[in-house]
Every structure is written in C-alpha cells, then in structure tokens.
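# Working through the structure, step by step
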Amino acid sequence: MYFLACSSPDSEEAALPLPFYNAADFTPEWIDPATPEYSEIHRVAPFSFLNQDGQVVTEQTVQGKIYVADFFFTFCPGICPRLADNMSILQDTFLQDSRILFLSHTVTPWNDSVPVLKAYAGGRGIVSGKWHLLTGDQAEIYSLARHSYFAESSQGLSKSEEEFLHSENFLLIDPLRRIRGVYNGTLPLEMKRLIEDIRLLKAEVIPRPSSL
C-alpha cells in the first residue's frame with residue numbers, strides 16, 4: 001500500500017508517488033501494486049521509427065529507461081521552437097544520466113526525413129543517443145500519439161489520421177512505458193516541475209512484472 005506522512009498537508013503530498021494516467025482525460029490515479037488494477041495500467045504500445053542518425057528506435061530502446069516524449073515538426077513557426085528550447089533544458093539537466101532519454105516525434109514525416117532531422121538536430125545542439133528525433137509512417141505516428149500518449153487529450157481519440165496532429169504536451173514515461181506526468185511543453189516553469197518529477201521517478205522503486 002501507499003502510506004502518507006502524518007504531519008502537514010505539504011508533507012503528505014510529498015509522500016505520494018507520481019500518479020498513473022490511464023485515459024485521455026489525464027485524471028491522475030494512484031494504484032496500489034498489490035491490487036489487480038496494477039497489472040492493467042495503460043502502457044505506450046510497441047513502436048518502430050528512425051531517428052536523426054537513421055537508426056531504428058523501438059520500445060526496446062527505452063526499456064528500463066525514463067523518457068520524455070513530445071510531438072513537433074521542423075518547419076513549425078509557432079510553438080515548436082519553444083518546445084525544442086524547453087526540451088534542451090531537460091537534455092542539459094540529465095545529459096550525463098544514462099537512464100533518461102528524450103523522444104520527439106515529427107508530425108510531418110513526409111517532410112521530416114532523416115537528413116532533415118539530422119540538420120535540425122545539428123542546429124539545436126541535440127545530442128545523438130540522448131534525444132531521438134523520430135520519423136516514420138504517418139499513420140503509425142498519429143495512432144501512437146493519440147491512443148498511446150493521449151497527445152491531444154480526449155479530442156484526439158475521435159480524429160482520423162488525415163487530421164493534422166499538434167500538441168504542446170510533454171509526457172513523462174516510466175521504465176514500463178506508463179504515463180506518469182503531463183506538462184505544458186511551452187512553459188519554462190513547467191520544466192522545473194518536470195525535472196523534479198523525473199528525480200522523484202528515479203527514486204521510485206518500480207515493481208517489474210515478469211514480462212512487458
């Protein structure tokens with residue numbers, strides 16, 4: 001069971017582990033590992049894309065890792081530069097921590113080929129092997145975004161793959177590919193909260209089932 005400290009409301013809140021997010025409305029849930037519900041927690045589906053170095057990145061790449069996922073496109077004139085700037089803050093903070101990775105999925109794979117992503121990475125100081133810029137089949141990216149990451153919250157579940165995908169969310173994913181936090185990726189203040197949550201997640205003892 002999860003136990004709370006018994007001094008102040010602030011200390012009680014600090015004693016809670018990060019919640020799980022099982023649905024697109026992003027309602028936080030604290031689920032006891034001893035209950036049957038624990039084995040049914042929502043997980044990001046298996047995937048396979050190419051990164052900016054032409055390397056295949058799959059769910060095996062992030063196995064046992066904590067990672068932050070988002071969605072962008074290289075020629076975006078609006079929020080994407082802010083998303084990249086804020087992801088850079090995270091990259092710099094955890095650059096030497098091999099347990100932390102970053103995955104940015106393009107939503108315009110017809111334009112964002114491997115060479116385009118490589119040039120974009122070079123212009124932004126993106127470190128290969130640490131921060132993966134991913135491209136691949138549009139339908140697979142959009143399905144993963146909307147149904148696994150809930151990238152557009154509940155509205156995305158009813159959209160078709162022909163409808164353009166765009167999201168300002170950063171998603172914090174634990175070593176078992178479960179969503180543990182959602183953040184506004186355009187706000188530097190949210191990066192402070194995300195950094196704190198990554199550190200909390202690193203300190204958490206996560207029970208590992210026999211298979212993923």
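Up top you'll find the structure we're talking about.
Quick look at the structure, then.

What counts, and at which threshold
- Residues numbered from 1 in each chain as written.
- Predicted model: local features only at pLDDT ≥ 70, side-chain atom pairs only at ≥ 80, totals over all residues.
- Heavy atoms only, no water.
- Salt bridge = Lys/Arg side-chain N within 4 Å of Asp/Glu carboxyl O.
- Helix = DSSP H or I, 4+ residues; strand = E, 2+ residues; numbered from the N terminus.
- Buried < 20%, exposed > 50% of the residue type's maximum accessible area, 1.4 Å probe, protein only.
- Pairing = 2+ DSSP bridges.
- Axes fitted to C-alpha atoms, helices over the stretch in contact; angles between N-to-C directions.
- Contact = heavy atoms within 4.5 Å.

With that settled, the discussion passes to the pattern of salt bridges. Evaluated as defined, the whole model comprises seven salt bridges. Asp97 is paired through a salt bridge with Lys202; the nearest N and O atoms lie 2.5 Å apart. Separated by 105 residues along the polypeptide, Asp97 in the loop between helix H2 (80-93) and strand S6 (100-106) and Lys202 in helix H5 (residues 188-203) bring together distant segments of the chain. The exposure class of Asp97 is buried, given its relative accessible area of 16%. Connected through shared salt-bridge partners, Asp174, Arg178, Arg180 and Glu204 make up one network.

This part takes up the sheet that holds S6. Ordered in space as S7-S6-S5-S8-S9, the five strands form an open sheet in which the pairing is mixed. One side of each edge strand has no neighbouring strand; the edge strands of this open sheet are strand S7 (131-134) and strand S9 (179-184). Neighbour-to-neighbour, the strand axes of the sheet open up by a mean angle of 20°, direction not taken into account. Note that strand S5 (residues 66-72) and strand S8 (residues 169-173) share three bridges and pair antiparallel. Across the sheet, residue Ala69 finds its bridge partner in S8, namely Leu171. Packed onto the sheet, helix H4 (residues 138-148) meets S5, S6 and S9 and runs at close to 120° relative to S6. The strands that H5 touches are S5, S6, S8 and S9; relative to S9, the one it contacts most, it runs at about 165°.

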